[in-house]
Amino acid sequence: MTRFSDPQRIQRLIEGLDRFTATPGEGTTRLTYSPEFRQAADFLRAEMESAGLTVREDEVGNVIGRLEGSNPDLAPVMIGSHFDSVPNGGKFDGQAGVVAGIEIASLFRDRGLMPERPIEFIGMIEEEGTRFGGGMVASRILAGRLDMGSFDALADDDGITMAEAMARFGLDPAQAHRAVLKPGSVYAFLELHIEQGPVLEAQGDDVGIVDRVVGMAQLKVTFRGQAGHAGTTPMNARRDALVGAVAALSQLPDLACAIGQDAVLTVGKLEVHPGGANVIPDLVTFTVDIRAPKDEVVRTLVERSRSVIEQAGGNGLTVKVEEQLFVSPVLLSVELHSTLTRHAGTLGLKSRTMVSGAGHDAMIMAQFAPTGLVFVPSRNGISHAPEEWTDYEQLARGVDVVFATVCELTLP
Ligand code: HGY
Ligand code: MN
Ligand code: MN
Ligand code: MN
C-alpha cells in the first residue's frame, strides 16, 4: 500500500493545537476570537510557515497559507477546514482538515514538488457558530453569502457583537468585505473532515467520499414574560417565560418524528434568565437545529416548528423566532468525487460514497467552486464530545487521498 503522509507529524499538530482550549481536560472549547483562538491561530501560522508557506490572516481572522505556483495567475486549489469548536468538543472536528492541509504542504516541501497551480491552505473561523450563532460564517463570507451587516447583528451570549469581537481581536470590521472572494478565484476546494458518525468504522472502510450534504436550518427562539417572586406571585398572575418555552419544547422533537424522511431536530442550547431558583423567569432563549436530506422537508419542519412555538406564546408572553441559518441540501462536485474515489482505490483504500448529516464549510464552498469532501472514521461515531477520536494512521490515509488529488490538480 502506498503511503505519503506521516501519522506522527499529524499527531504532533493535532496535539499541539489541542493545547489551546478554554476547558483543558474537558474537551476542546475554542470560541472564535477568544484568547485560545488567538493562540491557535499563532500556532497554525508558525506551522504553516515551517511547512514552507507564505501566511496571512484575512480581514475576518482566517489563517491562510499559500504555496506559490509556477503560474501564480492561476486560481488556487484551496484546502482547509475550521479551527473553532463546539463547547467541550473534540480535537479532530475541523482541526483534522486544517492539519491535513499543513501535512500536505509539508509533503510538497519534502518532495520538492513545485505546483504549476498555486495551493492555499486555510484555517477558518466560526464554522460551528458556537459564539455568534448560525455557523459556517467564514465560508459564507468567502463565498459572498453573508450580509456584511451581520457583524453588527450577530452577538454572543454576553451581547458582544461580532464586529466588537473582531475589533478586540485587532481586526477592522469595516474591512471585512475584503475577505469576500471574487467569483472564479478558487479552482477547487477540498475539505478533509472526521465523519462524526458510525458508518465508516462499522463498515470497515478507510475513507468516505461525500457526494451530498443534507439541508439545515437553525432558529433562535426568545420567550419574554415578567420576572417575579417565586413565593408571593399567585400561579394565575404569572407571565412565566419558561412555561411558554416548555410548552413549545415538549412538542418540537415529535414534529421531526412525524415528518420522518430522515429529518432531525435538536434543541441544543437553552438559557433561562435570570436563573434564580426563587425568581419567575422573564426571558428564555433556545435554539432549534433542523436537518433533512430534502429541501422541502427542512422548510416544512421550520414552518411547523415556528407555528408550534408561536402558539405557545400569548397569555402575556411574547415570542420571537429568528432564522439564523438556512442552507439547502448541496451536491458536491461529481468530477472531484470520482477523482478522490479513484485515488483512494489506487492507494489500496476501501472507500464509500456518503451523504453528510453534518454541515461543513464544504457545503457553502460548493456553491462557489467545485468542492470535494473526504471523511475519515470516527471511533464509535462520537463527535462534538471530548471522546471524539480518529486514529492518526486513519487520518493519514485520508490525507493521502487529498494529497494525491491535489497533486493531480496542481502539478504541471
Ligand atoms: O453542526 C454541524 O453539523 C457542524 O459541526 N457545524
Ligand atoms: Mn462540528
Ligand atoms: Mn466540523
Ligand atoms: Mn466543516
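The model shown is predicted, which means the values in this text are computed figures rather than measured ones. (Residues numbered from 1 in each chain as written. Chains lettered and ligands numbered in written order. Predicted model: local features only at pLDDT ≥ 70, side-chain atom pairs only at ≥ 80, totals over all residues. Heavy atoms only, no water.)

Student: Account for the nonpolar core, naming residues and giving values.
Tutor: One finds Tyr-33, Val-60, Phe-121, Phe-151, Met-162 and Leu-395 to be the most contacted residues of the largest nonpolar core, which totals 101 residues. Sort the elements by how many residues they give to this core and helix α13 (residues 392–410) lands first, with ten residues. Beyond its immediate sequence surroundings of up to four residues, Val-60 is in contact with Tyr-33, Ile-125, Ile-141, Phe-151, Met-166, Leu-171, Ala-176 and Ala-179. In this structure, Val-221, Phe-223, Leu-255 and Val-308 belong to the second largest nonpolar core, which totals 28 residues. (Core = buried A, V, L, I, M, F, W, Y, C linked by side-chain atoms within 4.5 Å. Buried < 20%, exposed > 50% of the residue type's maximum accessible area, 1.4 Å probe, protein only. Helix = DSSP H or I, 4+ residues; strand = E, 2+ residues; numbered from the N terminus. Contact = heavy atoms within 4.5 Å.)

Student: How would you summarise the packing of aromatic side chains if you had to cite specific residues and measurements?
Tutor: One pass over the structure, following the stated rule, counts twelve aromatic pairs. Here Phe-4 and Phe-403 contribute two aromatic rings whose centre-to-centre distance is 5.0 Å and whose plane-to-plane angle is 65 degrees, an arrangement assigned as edge-to-face. A residue pair is termed long-range when its members are at least 10 positions apart, and Phe-4 in the segment before α1 (7–17) and Phe-403 in helix α13 qualify at 399 residues. With relative accessibility at 3%, the residue Phe-403 sits in the buried group. Measuring from ring centre to ring centre gives 5.4 Å for Trp-389 and Tyr-392, while their planes differ by 80 degrees; the resulting arrangement is edge-to-face. Members of the aromatic cluster, each reached through a chain of ring pairs, are Tyr-33, Phe-37, Phe-83, Phe-132 and Phe-169. (Phe/Tyr/Trp six-rings, centres within 6.5 Å; stacked < 30°, edge-to-face > 60°.)

Student: Could you give an account of the site of ligand 1, naming the residues involved and the relevant values?
Tutor: Taken together, the residues surrounding ligand 1 are Glu-127, Glu-128, Arg-291, Ala-358, Gly-359 and His-384. Within the side chain of Glu-127, one N or O atom sits 3.0 Å away from a nitrogen atom of ligand 1. Within the side chain of Arg-291, a nitrogen or oxygen atom sits 2.6 Å from an oxygen atom of ligand 1. Burial of ligand 1 by the protein amounts to 89% of the accessible area it has alone, namely 210 Å². (Near = heavy atom within 4 Å. Polar contact = N/O pair within 3.5 Å; in protein donor to acceptor, adjacent residues only side chain to side chain. Areas by Shrake-Rupley, 256 points an atom, 1.4 Å probe, with all protein chains shown as cover.)

Student: Residue-level account of the coordination of the manganese ion (ligand 3), with values.
Tutor: Here the manganese ion (ligand 3) is held by the protein donor atoms His-82 (NE2), Asp-93 (OD) and His-193 (NE2), which lie 2.1 to 2.2 Å from it. One chain supplies every donor for the manganese ion (ligand 3), spaced along it as H-x10-D-x99-H. The distance between the manganese ion (ligand 3) and the manganese ion (ligand 2) comes to 3.4 Å, with Asp-93 serving as a donor to both metals. With Asp-93 in the loop between β3 (77–82) and α3 (95–110) and His-193 in strand β5 (residues 188–194), this pair connects stretches of sequence that are 100 residues apart. Per residue, the accessibility class of Asp-93 equals that of His-193, and both read buried. (Donors = N, O, S within 2.8 Å, 3.2 Å for Na, K, Ca; no water.)

Student: Kindly report on the side chain of Glu-128, identifying the contributing residues and their values.
Tutor: Considering the arrangement of structural elements, one finds Glu-128 in the loop between β4 (119–124) and α4 (137–142). Of the side chains with opposite charge, Arg-291 comes closest to the buried, unpaired Glu-128, at an N-O distance of 7.0 Å. Sequence-distant contacts of Glu-128, defined by excluding residues within four places in its chain, comprise His-82, Asp-84, Ser-85, Val-86, Asp-93, Gly-135 and His-384. (Lys, Arg positive; Asp, Glu negative; His and termini not counted. Salt bridge = Lys/Arg side-chain N within 4 Å of Asp/Glu carboxyl O.)

Student: Account for the UniProt feature "domain: Peptidase M20 dimerisation" (unreviewed entry) in the protein, naming residues and giving values.
Tutor: Using the residue numbers shown here, the UniProt feature "domain: Peptidase M20 dimerisation" (unreviewed entry) corresponds to residues 215–313. Helix makes up 34% of residues 215–313 and strand 31%. Its end C-alpha atoms lie 28 Å apart. (UniProt positions renumbered as here; feature names shortened; annotations may be inferred.)

Student: Quick one: what's the story with the pairing of strand β16 (residues 371–376), residue by residue and with numbers?
Tutor: Regular strands place side chains that alternate from one sheet face to the opposite one. The element β16 is largely enclosed, with a buried count of six among its six residues. Where burial is concerned, the two faces of β16 agree: the one with Thr-371, Leu-373 and Phe-375 and the one with Gly-372, Val-374 and Val-376 are both buried. Pairing between strand β6 (residues 207–213) and β16: two bridges, direction antiparallel. The residue bridging Gly-208 from the neighbouring strand is Phe-375, located in β16. (Pairing = 2+ DSSP bridges.)

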